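Letter by letter, the chains look like this.
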Amino acid sequence: MSDYYHHFLTSMAGVGGDPSLSQHGASIPVQQAPVLSLGTTPMSPAYQNLGGFFNGYAEPIMFSAPKAQRSRRKSAPGLDHIKHRRTRSGCYTCRSRRVKCDETHPVCERCRKGNRECVYPEPTPPKGSVKDSSGQSQQESPTSSRGDDDDDETGHDGSLTPIMDEDEEEEAESATMQSSTPTIPPTPLSAPATSLSFNHGSMNARQGLEGDVQFYLNYYRDNITHYHYSVVNDHDNFFQEMLTELAIQDEGLLYAVVGFAAYHYTLQSPIGEIKDFLHFYNRSVTLLLRFLKRKERHTEMTLLTILQLATIEEYLGDWVNLMGHQKAALEVLTELYTPQTVMQTVVGRMILTWYTRFDVFTGIMASSETMLPREWFTTFVDYYEARAAENPDELSYKTEVCSGRLRMISMEMSLLFGRSARHQVTEEEYTAEHRRLYNALHEWKNSWDPALVDPEFLVTDVSMNGASDTDRIFQPLTPGLLFRPPLFTSTILTCEWNSITLMHGSQGTSDPSSETLEKLREHAYVICQICEAVETWPLSPAGSLIILQPCLGIAALFVPQEEAYQLWIRKKFALLERMGYISPGTMRLRMAELFRDGSCLRWWLPNDEGFTPMLQSIRAFADERNAMAVSTQSENLRQIRSVFSRMNIRRAAMDQGEGQLSDGVNTMLLE
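Please read all numbers here as calculations on a predicted model, not as lab measurements. (Residues numbered from 1 in each chain as written. Predicted model: local features only at pLDDT ≥ 70, side-chain atom pairs only at ≥ 80, totals over all residues. Heavy atoms only, no water.)

Participant: Looking at this structure, I do not really get the overall build of the chain. What am I missing?
Facilitator: A count of helical and extended segments in the chain gives 22 helices and two strands. Sorting the 671 residues of the chain into buried and exposed places 56% on the buried side. Carbon together with sulfur atoms contributes 50% to the accessible area of the chain, which is approximately 28,800 Å² in total. (Helix = DSSP H or I, 4+ residues; strand = E, 2+ residues; numbered from the N terminus. Buried < 20%, exposed > 50% of the residue type's maximum accessible area, 1.4 Å probe, protein only. Areas by Shrake-Rupley, 256 points an atom, 1.4 Å probe, with all protein chains shown as cover.)

Rendered as structure tokens:
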């Protein structure tokens, strides 16, 4: 793994200790978030007392105050304070636990007593020594001190004081947490917990799963679906069955998956607190960083952990950090697989699906080519076309073919927009390729296998559940839109096709004609109809509205700028945030400009309707966290702007009699 990702993980959470094992100490100072425009007051950072989750980190970059504002810890009065230089030759395990290592080889005394893995750094040659075979001078471990004093846990005579092993640490941590965190009743697993050994972290092999981990794994199995990951189809039940089984074999992946489940549970719990999921998230990041520092061979578990962390970043509205994970995922993916070998296993195929979804979306948003070469996309389609030919009655293979082909068209759109943004294509070449993609999109829609639109599976009875007249502006009973399983994926693919066609149609080289604008509005209307139907139908799978969020974000640009339509859009964004999908501050700002209502910056609905204290805490946490990467976001926005500058939203709004909108609307979607 490149040094970039090491630095990236460090900037997210820091290094030097496991935050999930730390005690709740003084909070780390947090920088003030920038004030947003339109005359609204930003929320106060109500999460500033989360310092306990970041204690022990050497440089918690994204959460700490400037160095000039920090001071060293001081001894209690009356005690002789003895400072110890941190050893540069102690084992990594003791360094990460911030304790003194006796440097016994091959296993130090602390690791032996705690039954921990003991890994020593390579010997560092003296200054002036020759470089290694890679041409780089050997350097000290990133966790070692560069001359700073470190307060090791020593007695007055310099001897080591007792330190609890991990089973004792967890008991102490549990006792500490009970005073501030509501007890979650553990739900028994369907099978008894087994003794485990982990790749990314060292947990006592005699232990089973902790009670809260068991609870959240059960919650994951019962409530999280592939739709929560924006994956259209999962015919092998990877997310509901295989991922949790893989997670209990690897500690880093386990805490990433459990953290995702805890995030969703915490949002719905009346007594939930933000630390309930950060506890697991930060532990996963720390374990992954330790694993990478040991420079062991990457595995599928490594890649799955990175992808799961990227998904959490997406839910927090942080596409900048998501793209940091994406870059690392690409490196591991291409190290472990080829386009042919990745299709040989269930895990490999889902990894490719999971990754390419990020790759295509961020590519289009950032006006750049997809990171993964075209061959990976074509091999995916070829594989499922062969399976579908061998199994003509298997609907899931037909669905994968459709999904893969649409992803290929999206990849080609990303390539075109990227080349255009970098001025690598002439206007004539752009127009020709734009026309070809138009034909490809409509050929895709017209070439569906009839089995995927079998009218037998159409939903014809959607209860409105007492919805108001305002909610009925988009009728959910439109024929041919909503299918029940196993064809529910056809509904999702139809919505995605309309959003991609809408995006494509808005990227022409000339101002759109009134006829073109009307067609774009029709696509937007269909997207809203599908979202209304999916929300209203009581049998819609869990998470199925979340997968439609990007479609809704594009459609919002083209619906009529009337109060009833705006309120409908705002209600949907509020619902998505209550489901955990946080809208970035910049998106809220641009929506506020579009709606000419600055209250969108705080919350979507009047009087904070549905804006629970837990959601306010998560929103404030996400806003402050994202603000720390403001310079990176600014660069990202400059890239995104080149796509949306072609959308001609001002012309569309003028044709609707709404006048000219702010220039900032061009950057209104996710960053």
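Participant: Mind showing me how you'd approach helix 14 (residues 427–446) here?
Facilitator: Each α-helix winds once per 3.6 residues, and so residues spaced three or four apart point in a common direction. The terminal C-alpha atoms of helix 14 lie 29 Å apart, and with 20 residues this matches the ideal 28 Å at 1.5 Å per residue to within 8%. Of all the residues in helix 14, the buried ones are Tyr430, His434, Leu437, Ala440, Leu441 and Trp444. Summarising the axial view, the buried residues of helix 14 lie within an arc of 120°, below the 170-degree limit, and thus occupy one face. Opposite the buried face of helix 14, by more than 90 degrees, sit the exposed residues Glu428, Glu443 and Asn446. Looking at the buried positions of helix 14, the neighbouring elements they touch are helix 13 (395–421) and helix 15 (488–505). (Expected span 1.5 Å × (residues − 1). Arc of directions from axis to C-beta. Contact = heavy atoms within 4.5 Å.)

Participant: Where do I start with the confidence of the model for the chain in this structure?
Facilitator: Here the chain shows a mean pLDDT of 74. Residues at 70 or above account for 66%. Across the chain, the element-wise mean pLDDT spans from 38 in strand 2 (residues 149–150) up to 97 in helix 12 (residues 374–390). Here residues 124–206 is modelled with pLDDT under 50, and outside its nearest four sequence neighbours on either side it reaches 156 contacts, counting other chains as well. Taken as a whole, residues 648–671 scores under 50 in pLDDT and shows 74 contacts with residues more than four places along the chain or in a different chain. (pLDDT = per-residue confidence, 0-100.)

Participant: Can you walk me through the packing of aromatic side chains in this structure?
Facilitator: Scanning all chains against the criterion turns up 26 aromatic pairs. Geometrically, the ring pair formed by Tyr219 and Tyr265 is edge-to-face, given 5.3 Å between the ring centres and 85° between the ring planes. Placement of the pair is Tyr219 in helix 5 (residues 211–223) and Tyr265 in helix 7 (residues 251–268), with a sequence separation of 46 residues. Given a relative accessible area of 23%, Tyr265 falls into the partly exposed group. (Phe/Tyr/Trp six-rings, centres within 6.5 Å; stacked < 30°, edge-to-face > 60°.)

Participant: Before we go on, may I ask you to explain the pattern of salt bridges in this structure?
Facilitator: As a working rule, side chains carrying opposite charge can pair if their charged atoms are close by. In the structure shown here, the tally under the stated rule is 22 salt bridges. For the salt bridge of Arg570 with Asp597, the shortest nitrogen-to-oxygen distance reads 2.8 Å. You can see Arg570 sitting in helix 18 (residues 563–578) and its partner Asp597 sitting in the loop between helix 19 (585–595) and helix 20 (613–627), a full 27 residues away along the chain. On the accessibility criterion, Arg570 (8% relative accessible area) is buried. With a shortest N-O distance of 2.9 Å, Arg619 and Glu577 are connected by a salt bridge. Here the residue Arg619 occupies a position in helix 20, and Glu577 occupies one in helix 18, the gap between them amounting to 42 residues. For the pair Arg619 and Glu577, a shared accessibility class is recorded, and that class is buried. (Salt bridge = Lys/Arg side-chain N within 4 Å of Asp/Glu carboxyl O.)

Participant: I tried to follow unusual backbone geometry on my own but got confused; where do I start?
Facilitator: It is generally the case that most residues other than glycine have a negative phi and that most peptide bonds are trans. With omega at 5°, the peptide bond leading from His105 into Pro106 counts as cis. Following the sequence through the fold, Pro106 ends up in the loop between helix 2 (92–96) and helix 3 (109–114). Cis geometry marks the peptide bond from Pro485 to Pro486; its omega dihedral reads 10°. In this fold, Pro486 is placed in the loop between helix 14 and helix 15.

Participant: Help me understand the packing of helix 11 (residues 346–365) against helix 12 in this model?
Facilitator: As a packed pair, helix 11 and helix 12 sit with axes 11 Å apart at the nearest point and diverge in direction by 135°. The angle between the axes of helix 11 and helix 12 places the two elements in the oblique class. Both helix 11 and helix 12 take part in a crossing whose hand is left-handed. Contacts between helix 11 and helix 12 involve Arg349, Leu352, Thr353, Thr356, Asp359 and Val360 from the first element and Trp376, Phe377, Phe380, Tyr383 and Tyr384 from the second. Its residues assigned to classes, the contact of helix 11 with helix 12 shows seven nonpolar, two polar and two charged. (Axes fitted to C-alpha atoms, helices over the stretch in contact; angles between N-to-C directions. Parallel < 35°, antiparallel > 145°, perpendicular 65-115°, else oblique. Left-handed = near helix turned anticlockwise from the far one by under 90°. Nonpolar A, V, L, I, M, F, W, Y, C, P; charged D, E, K, R; others polar.)

Participant: I would appreciate a short explanation of the packing of helix 13 against helix 14 in the present structure.
Facilitator: The packing of two helices is summarised by the inter-axis angle and the distance between the axes. At a closest axis distance of 11 Å, the pairing of helix 13 and helix 14 adopts a crossing angle of 165°. The orientation of helix 13 relative to helix 14 falls into the category roughly antiparallel. Once helix 13 is placed against helix 14, the crossing between them reads as left-handed. Contacts from Cys402, Arg405, Leu406, Ile409, Glu412, Met413, Leu416, Phe417 and Ser420 in helix 13 reach Tyr430, Glu433, His434, Arg436, Leu437, Ala440, Leu441 and Trp444 in helix 14.

Participant: Any chance you could explain the environment of Leu309 here in plain terms?
Facilitator: As for its position among the elements, Leu309 is in helix 9 (residues 300–315). Overall, Leu309 belongs to the buried group, its relative accessible area being 0%. Distance in space between the C-alpha atoms of Leu309 and Leu253 is 9.0 Å, their sequence separation being 56 residues. Ignoring any residue separated from it by four or fewer positions in sequence, one finds Leu309 in contact with Ala256, Tyr281, Ser284, Val285, Leu288 and His325.

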